[in-house]
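Understanding the architecture of this molecule
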Amino acid sequence: MAVSLAGVSKHFERARGAPVVALDDINLTVLRHEFVALIGPSGCGKSTILRLLAGLMPATSGSTAIFGYPMEKPRDDIGIVFQRPTLLPWLSIRNNVLFPIRHKRRMVTPALKQEADRLLEVVGLADFAESRPSELSGGMQQRAAIARALVQNPDILLMDEPFSALDALTRDEMALELLRIWAERPKTVVFVTHSIPEALLLSDRIIVMSARPGRIVRQINVPFARPRSLATMEDPAFNNMANDIRRGVFSAEARA
Ligand SMILES: Nc1ncnc2c1ncn2[C@@H]1O[C@H](COP(=O)(O)OP(=O)(O)OP(=O)(O)O)[C@@H](O)[C@H]1O
């Protein structure tokens, strides 16, 4: 088991009024090398789940474990891609990608530098390695942030709507690239998205959450064979499943 949440609730205190119950009794396990997508209405607690798994904050109750160990603080074997790129403005794109390694090991070997350049190539930024973040578009910065999350080849990758800042074509390209990277270097992925087709294209299992307080209302095993490609999305079964999930997400049950 790579990831497990057992009876997890998260309340946020507010300056005024009762605390916000963001998550209520979440029970979720993710197997090693499984690719899981989290979907659900805005504000249902998807990002909160990722932040708990990343060790960025504690749960109010319940337990969170990574590889069987209670999650208490951020770990080096977890890569995170947030909704926004969060690059350091004074560093070049290459040095941003290398930042987690520099931070951890204090020195960067030529092999790691090569790996950073390889990843920049993969995300289409080879020509921008020396540029500063401000010289890149939002989507390009996000691609750099994806390369940064991958540079340590983490066992667990947490991705919070990582492609939402990208245009539709780049988004599909990056999704397929992520699948390729995942096949080449298997890892456990928890991927938050608002896009049902993206969740179907990428994941082994889709977790559907209800509106706040966030609960898991449905889990769907995605049956499409791998490797997947854009052709997978042309399969009529793909559309049927997407429509079925869409109805579920918008149903009274999901909003209860
Ligand atoms: N630091 C915080 N302080 C107070 N409330 C918070 C905090 N972070 C999240 N919340 C609240 O918790 C709930 C869940 O937020 P979260 O960001 O996890 O939702 P989400 O499903 O990721 O939303 P979206 O799809 O819009 O990104 C929301 O009601 C939000 O207002």
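No experiment lies behind these values; they were computed from the predicted model shown.

What counts and how
- Throughout this document, residue positions are counted from 1 along each chain, in the order its sequence is written.
- Selection of residues for local features in this predicted model requires a pLDDT of at least 70, selection of side-chain atom pairs for listing and counting requires 80 or more, and totals for whole chains, interfaces and linings are taken over all residues.
- Counting from the N terminus, the helices are the DSSP runs of H or I reaching at least four residues and the strands are the DSSP runs of E reaching at least two.
- Only the C-alpha atoms count toward the radius of gyration. The rule for a globule is 2.2 Å times the residue count to the power 0.38.
- Working definition of burial: number of other C-beta atoms within 10 Å of the residue's own, with buried at 20 or more, exposed at 12 or fewer, and partly exposed in between, all C-beta atoms being placed from the backbone.
- Residues are defined as contacting one another if the C-beta atoms placed from their backbone atoms lie within 7 Å.
- One fewer than the residue count of a helix, multiplied by 1.5 Å, yields its expected span.
- Two axes define the bend at a residue: one fitted to the seven residues ending there, one fitted to the seven starting there, and the bend is the angle between them.
- By our criterion, buried Ala, Val, Leu, Ile, Met, Phe, Trp, Tyr and Cys residues that link up through C-beta atoms within 7 Å make up a nonpolar core.
- Strands were regarded as paired on the criterion that DSSP finds at least two bridges between them.
- Fitted lines through C-alpha atoms serve as axes, helices being fitted only where they are in contact, and the angles separating the N-to-C directions of these axes extend from 0 to 180 degrees.
- Only the C-beta atom matters for this test: placed from the backbone, it must lie within 6 Å of a molecule or strand for the residue to be near it.
- Throughout this entry, Asp, Glu, Lys and Arg are counted as charged residues, while Ala, Val, Leu, Ile, Met, Phe, Trp, Tyr, Cys and Pro are counted as nonpolar. The remaining residues, Gly among them, count as polar.
- UniProt positions are given in the numbering used here, feature names are shortened, and annotations may be inferred rather than shown by experiment.

On to the overall build of the protein. Per the secondary structure count, the protein includes 8 helices and 10 strands. Radius of gyration (C-alpha) of the protein: 18 Å, near the 18 Å computed for a compact globule of 256 residues. By its C-alpha atoms, the protein is 50 × 45 × 35 Å across when sized along the principal axes. Every one of the 256 residues in the protein was classed for burial, and the buried ones make up 39%. Contacts in the protein between residues far apart in sequence, at least 24 positions, make up 70% of those at least 6 positions apart.

Let us look at helix 2 (residues 93–105). Because the α-helix completes a turn every 3.6 residues, residues three or four places apart line up on one side. Helix length check: helix 2, at 13 residues, gives a terminal C-alpha distance of 19 Å against a target of 18 Å (1.5 Å per residue), a fit within 8%. Of all the bends in helix 2, the largest measures some 50 degrees and sits at F99, one to four residues before the proline P100. Structurally, helix 2 contributes buried residues whose contacts are with helix 3 (110–122) and helix 4 (138–150). Looking at the residues trailing helix 2, positive phi occurs at R106, about 70 degrees.

In terms of nonpolar packing, the biggest core is built from 70 residues, with L158 and V190 touching the most fellow members. Sort the elements by how many residues they give to this core and helix 4 lands first, with 7 residues. With near-sequence residues (within four places) excluded, V190 lies in contact with V3, V30, V36, L38, L50, L53 and L158.

This next bit is on the sheet that holds strand 10 (residues 216–221). Ordered in space as 6-7-8-3-9-10, the 6 strands form an open sheet in which the pairing is mixed. Where the open sheet ends on each side, the last strands, each with one partner, are strand 6 (78–81) and strand 10. Within this sheet the neighbouring strands show an average axis-to-axis angle of 15 degrees, counted without direction. As paired elements, strand 9 (residues 205–209) and strand 10 share 5 bridges and run antiparallel to each other.

Quick look at the site of the ligand now. Near the ligand the following residues occur: F12, V20, A22, S42, G43, C44, G45, K46, S47, T48 and R212. Ranked by residue count, the leading element in the shell around the ligand is helix 1 (residues 46–53), at 3 residues. The class makeup of the residues in the shell around the ligand is 4 nonpolar, 5 polar and 2 charged.

Take the pairing of strand 1 (residues 3–12) next. In this sheet, strand 2 (residues 20–30) lies alongside strand 1 in antiparallel orientation, the contact comprising 7 bridges. Considered in strand 2, the bridge of K10 is made with L23. Where strand 1 and strand 4 (residues 61–66) come together, 5 bridges link them in antiparallel fashion. Across the sheet, the residue bridging to S9 is S61, located in strand 4.

Let's shift gears to the UniProt feature "domain: ABC transporter" (unreviewed entry) in the protein. Residues given the UniProt feature "domain: ABC transporter" (unreviewed entry) here are residues 3–236. When the span residues 3–236 is considered, its composition is 31% helix and 25% strand, and the gap between its end C-alpha atoms is 33 Å.

Read across the sheet, 4 strands follow the order 2-1-4-5 without closing on themselves; strand pairing throughout is antiparallel. The sheet is open, and its two borders are formed by strand 2 and strand 5 (69–70), each paired with just one other strand.

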